[in-house]
Amino acid sequence: MTADKADIWTNKATLKIVAKSGDTKELEAILKYMKLFNGENEIKASQEKNVFIWTGLGAKTKYEVIAKCNEIDTAIAKCELTTESELQLPNNTFDDWETEDYDGKEINKGGEWKKKKNIIGLIPKNEIHQEDTTLSVKRPASWVTVNAKTMPNNASNKNTWYVVASTNQGKAITEGNSVLLRNVGWDNNGGAIPAYGDKLDKFPGNKYLNSPTNELAHYSAGRLFLGEYSYDHSTNTDTYTEGYEFASRPKQLTFKHKYISKVDKTSDKAYVRVRLEHRGDNGTEIIIENTVELGHTETATGGRVPLTYKAGSLNATHICVMFCSSIKGKEMKQSYEESISHPDRSADECKVQVCVSGSEFYIDDLNFEY
């Protein structure tokens, strides 16, 4: 009697009975009179020839299965098995947060403006003023963003127009904080922005300052995933190393989300991808992969990614989970994201917030069901 590791799940296990001699008639005789027990309790399992499927098991539980024949108390075979744990993703409710590189740093906020400077006995002159802001940039602990791309450390002009968080702590869609992913414009080599006004008495407000003269160099989606990430600004190429050790096979991922499309309700969608892998000496085999697209929602709602396994699926060793604010990001290449949906930099909303940000994808309360 055997139970292959790949056939042991959180709540069921498959047992196979064979005759040591390999004789078919002997196997038939064994199956005719055999019963399976767990301790003193007879196991009620469904049977297909010499294969038994035992359901209703508890997760992360060790069982000893004993086979007996003809009501004899002596075991003819024994098998020990331990069911998989009902694992969850790390920091799945986003209670723990860590700072990103630009957190707490002060950068310029928008273009300059010309303030009136009075000098006794002389004609008033312009005094150039520059507003600034202290950034707050956070990500959920254990998770990775692409802020290294959209917030370049070596930006030639560190201005809110050019250095923009594509992933950050967002407003709550349930209790506490959610994660905000958004489409953004950014520029590693953003040019000077012409100063606004002439002999102004006071700050005119962000809405009236000049936008960048030239189009922003790049547009990208916001992401949240498990693994590692780097971006080469000299070649504009992403490097994703996905994966997190995970030895369970859930039935589906559920989560809370809200997706606000900034251009129009059909211009873009978010997507969520879940992939379970078996990594071994012979390479990596994908056990299951499913991607779900999510459109515009006015309020927070529930989402799910179902996971249906094929017969004979291997046990999992790693999981890859990707949340992204645009389906343009499916190719995982910056070149595909340049045409991402976003408002024009001259739009009032962009001028008020002093950056270009498009569709917003809020997520919270990740949960695996088994």
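Residues numbered from 1 in each chain as written. Predicted model: local features only at pLDDT ≥ 70, side-chain atom pairs only at ≥ 80, totals over all residues. Heavy atoms only, no water.

Trainee: What's the story with the layout of surface pockets in this structure? I'm lost.
Mentor: Using a probe with the size of a water molecule, rolled over the atoms, empty space left in the structure can be pinpointed. Computed from the structure, the largest pocket encloses a volume of approximately 380 Å³. What lines the largest pocket is a set of 17 residues, among which L135, S136, A165, N168 and R182 lie closest to the centre. Of all the elements in the fold, those that place two or more residues in the lining of the largest pocket are β12 (132–134), β14 (167–170) and β15 (178–186). When the residues that make up the lining of the largest pocket are grouped by side-chain class, the tally is eight nonpolar, seven polar and two charged. Of the voids in this model, the second largest pocket is the one considered here, and its volume is about 330 Å³. As for the second largest pocket, its lining consists of 17 residues, and the residues nearest its centre are W9, K12, R249, Y309 and K310. When its residues are assigned to classes, the lining of the second largest pocket shows eight nonpolar, four polar and five charged. (1 Å grid on protein atoms, 1.4 Å probe; cavity = no way out; pocket = protein on both sides within 12 Å on 5 of 7 lines; lining within 4 Å. Points joined across faces, edges and corners; volume = space filled by probe spheres on them. Helix = DSSP H or I, 4+ residues; strand = E, 2+ residues; numbered from the N terminus. Nonpolar A, V, L, I, M, F, W, Y, C, P; charged D, E, K, R; others polar.)

Trainee: I keep staring at the sheet that holds strand β5 (residues 51–55) and nothing clicks. Help me out?
Mentor: Strand pairing in a sheet relies on backbone hydrogen bonds, with the paired strands running either antiparallel or parallel. Reading across the sheet, the three strands line up as β1-β5-β4 and stay open at both edges, with antiparallel pairing between neighbours. Each having just a single partner strand, β1 (12–16) and β4 (46–48) make up the two edges of the open sheet. Ignoring which end each strand starts from, the neighbouring axes of this sheet average 20° apart. Where β1 lies against β5, five bridges are found, and the strand directions are antiparallel. Paired with K12 across the bridge in β5 is T55. (Pairing = 2+ DSSP bridges. Axes fitted to C-alpha atoms, helices over the stretch in contact; angles between N-to-C directions.)

Trainee: Is there a simple way to think about the nonpolar core in this case?
Mentor: Most often, soluble globular proteins keep nonpolar side chains buried together rather than apart. One finds L89, W143, L253, L276, I319, F323 and F361 to be the most contacted residues of the largest nonpolar core, which totals 33 residues. At the level of secondary structure, the elements contributing two or more residues to this core comprise β15, β22 (252–260), β23 (270–280), β24 (283–294), β26 (318–324) and β27 (357–369). Residues W186, C324, V354 and V356 belong to the second largest nonpolar core, which totals 24 residues. (Core = buried A, V, L, I, M, F, W, Y, C linked by side-chain atoms within 4.5 Å. Buried < 20%, exposed > 50% of the residue type's maximum accessible area, 1.4 Å probe, protein only.)

Trainee: Any chance you could explain the sheet that holds strand β7 (residues 75–82) here in plain terms?
Mentor: Pairing is antiparallel in the open sheet, where four strands are placed in the order β3-β2-β6-β7. Edge positions in the open sheet fall to β3 (41–42) and β7, since each of these has one partner strand only. Pairing of strand β2 (residues 34–38) with strand β6 (residues 62–69), which is carried by five bridges, proceeds in the antiparallel orientation. The partner of N38 across the bridge, within β6, is V65. The strands that helix α1 (residues 24–33) touches are β2, β6 and β7; relative to β2, the one it contacts most, it runs at about 55°. (Contact = heavy atoms within 4.5 Å.)

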